[in-house]
Protein chains: 2
Amino acid sequence: MRWRDVDHEACAVTLAAEVIGDRWSVLVLREVLNGVRRFDDIQGHIGVSRSVLAQRLRDLIAAGVLEKREIRPDGDRARHEYRLTAMGRDLQPVMHALMDFGDRWLTGRDEPTVVVRHRGCAAQVHVTSVCDAGHVIDDPRELYGEVGAAPPPAVPGPTAAPDLPADASR
Amino acid sequence: MRWRDVDHEACAVTLAAEVIGDRWSVLVLREVLNGVRRFDDIQGHIGVSRSVLAQRLRDLIAAGVLEKREIRPDGDRARHEYRLTAMGRDLQPVMHALMDFGDRWLTGRDEPTVVVRHRGCAAQVHVTSVCDAGHVIDDPRELYGEVGAAPPPAVPGPTAAPDLPADASR
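Here's a quick rundown of the structure. On a predicted model such as this, the values are computed, not experimentally measured, just so you know. (Residues numbered from 1 in each chain as written. Chains lettered and ligands numbered in written order. Predicted model: local features only at pLDDT ≥ 70, side-chain atom pairs only at ≥ 80, totals over all residues. Heavy atoms only, no water.)

1. Quick look at the interface of chain B and chain A
It is common to give the size of an interface as the accessible area that goes away when the parts come together.
Move 1: With 98 residues of chain B at the contact, the number on the chain A side is 98 residues.
Move 2: Overall, the association of chain B and chain A removes approximately 9,100 Å² of surface from exposure, summing both partners, and the carbon and sulfur fraction of that is 60%.
Move 3: Our count for the contact surface shared by chain B and chain A stands at 4 salt bridges.
Move 4: In this structure, Glu146(A) engages Arg117(B) in a salt bridge whose closest nitrogen and oxygen atoms are separated by 2.9 Å.
Move 5: Residue contributions to the side of chain B that touches chain A peak at 12 residues, all from helix H6 (residues 92-105) of chain B. (Contact = heavy atoms within 4.5 Å. Buried area = accessible area lost by both parts, 1.4 Å probe. Salt bridge = Lys/Arg side-chain N within 4 Å of Asp/Glu carboxyl O. Helix = DSSP H or I, 4+ residues; strand = E, 2+ residues; numbered from the N terminus.)

Encoded structure:
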């Protein structure tokens, strides 16, 4: 089966892009990931309009990546904060890879915007492409995509006619 | 320095989201990554209108992630294809992480849309969060972000007052 035959509408990337393929959604997720959880605080930091923010928050809740919680009601006034769900936390590698890309190509600064570290050992954390044989891959031209193939053989080895994306062949 | 003090407009994620924080841009990149490089082929597979596709391609070229090349001119008619630049290839981990997220939470299928493999050894490739001490991290609550800190000490150890995103503390 070739990439062109894949049902685009059922593709994981298509579906994921519907959830976070929007600049404001990415920024809202970044805020909540960084512990900024109140509407006013998110709005103040990213500079989006209140109506757009309200819509994005509704969309992210409907998609299942955020939840809204009531906290410390102050007299008659309930206050809310937005939290990541387990599904939302699973977006952290996407956000980390996006940040790495931005740090490498777009900020023009030598140091990262945020250094991500591991609690307990404080070592820096990197998003890495690693194969099951333990190789770290820096160049995506070393990769190929297998579309709709049978499960891989028990002993790793070249499979018949791997789908070779032309971009990866150079 | 705390996250709220970070200049949002200079943040790596903000800048990266301006480049690919759009559903169609993500899909165009997916196509080119998979070797689909002609306008008509991209348009046919993702079902976008020609005018929107033309705009997205212009934007991605302006951003530096795609380039347009003339190929095999056929008489009077020049033909073009779109290729990833080195900068564009550096988005592959973002796309892979997005696909993993979609496969895990959105497709409802047990098998991945595409199995990414390493040329030569054919082993499957995964996007993984790994710390410099060699730990693989599955739960982002094990992570924290250090914003604008001094370079880390030579001997890894807890640094003073790490910025603890509230979401990561549970």
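Read on for the rest.
2. Re the relation of the copies chain B and chain A
Move 1: In the superposition of chain B on chain A (RMSD 0.0 Å, axial shift 0.0 Å), the rotation amounts to 180 degrees. Read as a symmetry element, the transformation amounts to a two-fold axis.
Move 2: Both copies contact each other with a shared surface, as 100% of the interface residues of chain B are interface residues in chain A too. (Least-squares fit on C-alpha atoms with pLDDT ≥ 70 in both.)

3. Points about the layout of surface pockets
Move 1: By volume, the largest pocket is sized at about 510 Å³.
Move 2: What lines the largest pocket is a set of 31 residues, among which Asp90(A), Pro93(A), Asp100(B), Arg104(B) and Val127(B) lie closest to the centre.
Move 3: Per-element tally for the lining of the largest pocket: the top contributor is H6(B), with 7 residues.
Move 4: Here the residues of the lining of the largest pocket are counted per class, giving 15 nonpolar, 6 polar and 10 charged.
Move 5: Approximately 400 Å³ is the volume found for the second largest pocket.
Move 6: Surrounding the second largest pocket, 22 residues form its lining, Asp100(A), Arg104(A), Val127(A), Asp90(B) and Pro93(B) being those nearest its centre.
Move 7: Secondary structure elements with two or more residues in the lining of the second largest pocket: helix H6 (92-105) and strand E4 (125-131) of chain A together with H6 of chain B. (1 Å grid on protein atoms, 1.4 Å probe; cavity = no way out; pocket = protein on both sides within 12 Å on 5 of 7 lines; lining within 4 Å. Points joined across faces, edges and corners; volume = space filled by probe spheres on them. Nonpolar A, V, L, I, M, F, W, Y, C, P; charged D, E, K, R; others polar.)

4. A closer look at the sheet that holds E4(A)
Neighbouring strands of a sheet are bound in pairs by backbone hydrogen bonds; such pairs are parallel or else antiparallel.
Move 1: In space, the 4 strands of this open sheet follow the order E5(A)-E4(A)-E4(B)-E5(B), with antiparallel pairing throughout. Because the sheet does not close on itself, it has two edges, and the strands there are strand E5 (136-137) of chain A together with strand E5 (136-137) of chain B.
Move 2: In this sheet, E5(A) lies alongside E4(A) in antiparallel orientation, the contact comprising 2 bridges. From the neighbouring strand, Ser129(A) faces E5(A), where its bridge partner is Ile137(A).
Move 3: Against the sheet, H6(A) touches E4 of chain A together with strand E4 (125-131) of chain B, its axis set at about 100 degrees to E4(A). (Pairing = 2+ DSSP bridges. Axes fitted to C-alpha atoms, helices over the stretch in contact; angles between N-to-C directions.)

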